[in-house]
Amino acid sequence: MMTHKKDREKDIEICMHEGEEPEKYLGAVIPPTFHNTLFVYPTFEELGKAVSKEQDHYVYTRGTNPTVHIAEKKLARLERGEACKCFSSGMAAISAALMNSLKSGDHVLCVSNVYFSTMDLLNYMEKFNVTHSVVYATDTESIQRAIRPNTKVIYFESPTDHNFRLIDLQALAAFAKARDIRTIMDNTWATPLFQKPLTHGIDIVIHSTSKYLGGHSDLMGGAVISSKQIMSKLFTDEFIMLGGIMSPHEASQLIRSLRTLPIRMKRHEENAMEIAHFLSSHPAVRTVRFPGLASHPDYELGRKQLSGYSGLLSFELKKASYDAVRKVIDRTRVFQTGVSWGSFESLITSPNFGYNEVDLKKEHTSPGLIRLSIGQGDVNEMMKDLQQALE
Ligand SMILES: Cc1ncc(COP(=O)(O)O)c(C=O)c1O
């Protein structure tokens, strides 16, 4: 608990001030946004030196930019990593991390459900002779059993997509390291405030900054955080070469959003906890999938590796059908219907679109599953809305 408290205090400071150096910018209380694409040098020799060490010098904004750099410094420190690069989207970050870690002939083991576009990317990578398989279990033994001789990456989210099961980060990192397998984890759900996978031995952390880190539904971005060694290779290859970089404008929005991250996450957590309890006792609901509930199968594990719970959760209707799901979703008013999550507004959706129930079964997802992104609004209004929609 003490560590959590110290971490929390440190994180608040990082969110507000890390890397800003107002003395460099005429004392500006927020750093300026450097929209320029390039940086000029007094002599050709100096330019040459900077080009040879582009990661540490401002040369061209596709490589480094002071505004983007501030956001990267904050995210690296929040995750307790050595270095971070920010991307134009979460998917650009995931693509870079996977490409950096794999070559033809390698296999990726995916643990349980991950974001569907990540699965699409893994399917796409088959054309480069990179194969993958999914283990629909989250316990360490099952994951270990699913390893193949050519497995080079274990990729996962914790909590897992839709079903919100947790993976034991320390145990997974230990056995992967012993076999020289790289672990890549999407930590978007928890944010670095509530979970720090690198401190448990995970190799690479991914974020879609389009969710809580942005928090206002007005910012697309992604981030990769890891050791200096991994990030240095990733910088020269997947970052600067593929070019899916975060723009200085998005970075300044991200810096702005990070200032309020601690207070926003507290509100998401409090609201989500109340909604999860409310749904748990509702007669139309079979089960609620939220690791903050003591009844969750991974609650104890969560207490070890999570220091808080964000606002994305799911529940299953007793009537597990597309029609039942559709009716509930269409009746809500406070909850708006849309994709994405992690912002101020409250959202409702389901992976069951009526035409994909066969796929859902394969993915071990109930056809009665409804996903809620609990926003910053009044929780009593949210509960009233769900109550009337579930009637
Ligand atoms: C868990 C998770 N990771 C990554 C992404 C992709 O992020 P982006 O939409 O910023 O590319 C998403 C998008 O919804 C997501 O839910």
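A few points on the structure. Since the structure is predicted, the reported quantities are computational estimates derived from the model, not experimental observations.

Turning to the sheet that holds strand E11 (residues 347–349), a few remarks are in order. Taken in spatial order, the five strands make up an open sheet running E8-E9-E12-E11-E10, and their pairing is mixed. Edge positions in the sheet fall to strand E8 (285–289) and strand E10 (336–337), since each has one partner strand and no second. Where E8 and strand E9 (residues 312–317) come together, four bridges link them in antiparallel fashion. In the sheet register, Arg-289 faces E9, and the bridge partner there is Ser-314.

For the rest of this paragraph, the subject is the pairing of strand E5 (residues 182–186). Burial analysis of E5 places four of its five residues in the buried class, the great majority of the element. Relative to E5, strand E4 (residues 151–157) runs parallel, the two sharing five bridges. Its bridge partner lying in E5, Ile-154 is registered against Thr-183. Bridge analysis of E5 against strand E6 (residues 204–208) gives three bridges, and the strand direction is parallel.

The next subject is the site of the ligand. Not every one of the 13 residues close to the ligand is listed here, only the nearest: Gly-90, Asp-186, Ser-208, Ser-210 and Lys-211. Side-chain polar atom of Lys-211 to an oxygen atom of the ligand: 2.8 Å apart, as the coordinates give it. Protein burial of the ligand: of its 390 Å² of free accessible surface, 91% is covered by the chains. The leading source of residues in the shell around the ligand is helix H4 (residues 90–101), at three residues. Residues belonging to the shell around the ligand are distributed by class as follows: five nonpolar, five polar and three charged.

Counting 63 residues, the largest nonpolar core has Leu-75, Leu-279 and Leu-372 as the members making the most contacts within it. With seven residues, the top contributor of residues to this core is helix H11 (residues 261–280). Taken together, domain 1 (2–257) and domain 2 (261–390) each give at least three residues to this core, which thus spans both. Residues in contact with Leu-75, not counting those within four places in the same chain, are Cys-84, Cys-86, Thr-209, Leu-213, Ala-223, Ile-225, Leu-254 and Leu-258. Ile-94, Ile-184, Ile-206 and Ile-230 belong to the second-largest nonpolar core, a separate cluster that totals 30 residues.

When you line up the elements, Pro-262 lands in helix H11. With 81 residues separating them in the primary sequence, Pro-262 and Ser-343 have C-alpha atoms 13 Å apart. Among residues more than four places away in sequence, those in contact with Pro-262 are Ile-12, Cys-15 and Leu-193.

Cut-offs applied
- Along every chain, residues carry numbers that run from 1 in the direction the sequence is written.
- Side-chain atom pairs in this predicted model are given and counted only at pLDDT of 80 or more, local residue features only at pLDDT of at least 70, and totals for whole chains, interfaces and linings cover all residues.
- Only heavy atoms go into the side-chain values, all of them from the structure, while hydrogens and water stay out.
- By the convention used here, strands pair only if DSSP detects at least 2 bridges between them.
- A helix here means a DSSP run of H or I that spans at least four residues, while a strand means a run of E at least two residues long, and both kinds are numbered starting from the N terminus.
- In this scheme, a residue with accessible area under 20% of its type's maximum is buried, one over 50% is exposed, and one in between is partly exposed, where area comes from a 1.4 Å probe on protein chains only.
- We call a residue near a molecule or strand whenever a single non-hydrogen atom of that residue lies within 4 Å of it.
- A 3.5 Å cut-off defines polar contacts: any pair of N or O atoms within that distance qualifies, except that in protein one atom must be a possible hydrogen donor and the other a possible acceptor, and neighbouring residues in sequence count only when both atoms are side-chain atoms.
- Surface accessibility follows the Shrake-Rupley procedure with a 1.4 Å probe radius. Residue values consider only the protein chains on display as shielding.
- Ten residues, namely Ala, Val, Leu, Ile, Met, Phe, Trp, Tyr, Cys and Pro, are considered nonpolar, four, namely Asp, Glu, Lys and Arg, are considered charged, and the remaining ones, Gly among them, are considered polar.
- In plain words, nonpolar cores are sets of buried Ala, Val, Leu, Ile, Met, Phe, Trp, Tyr and Cys residues tied together by side-chain atoms within 4.5 Å.
- Throughout, the edges of the domains are those of an automatic or database domain assignment.
- Here a residue-residue contact requires only that any non-hydrogen atoms of the pair lie within 4.5 Å.

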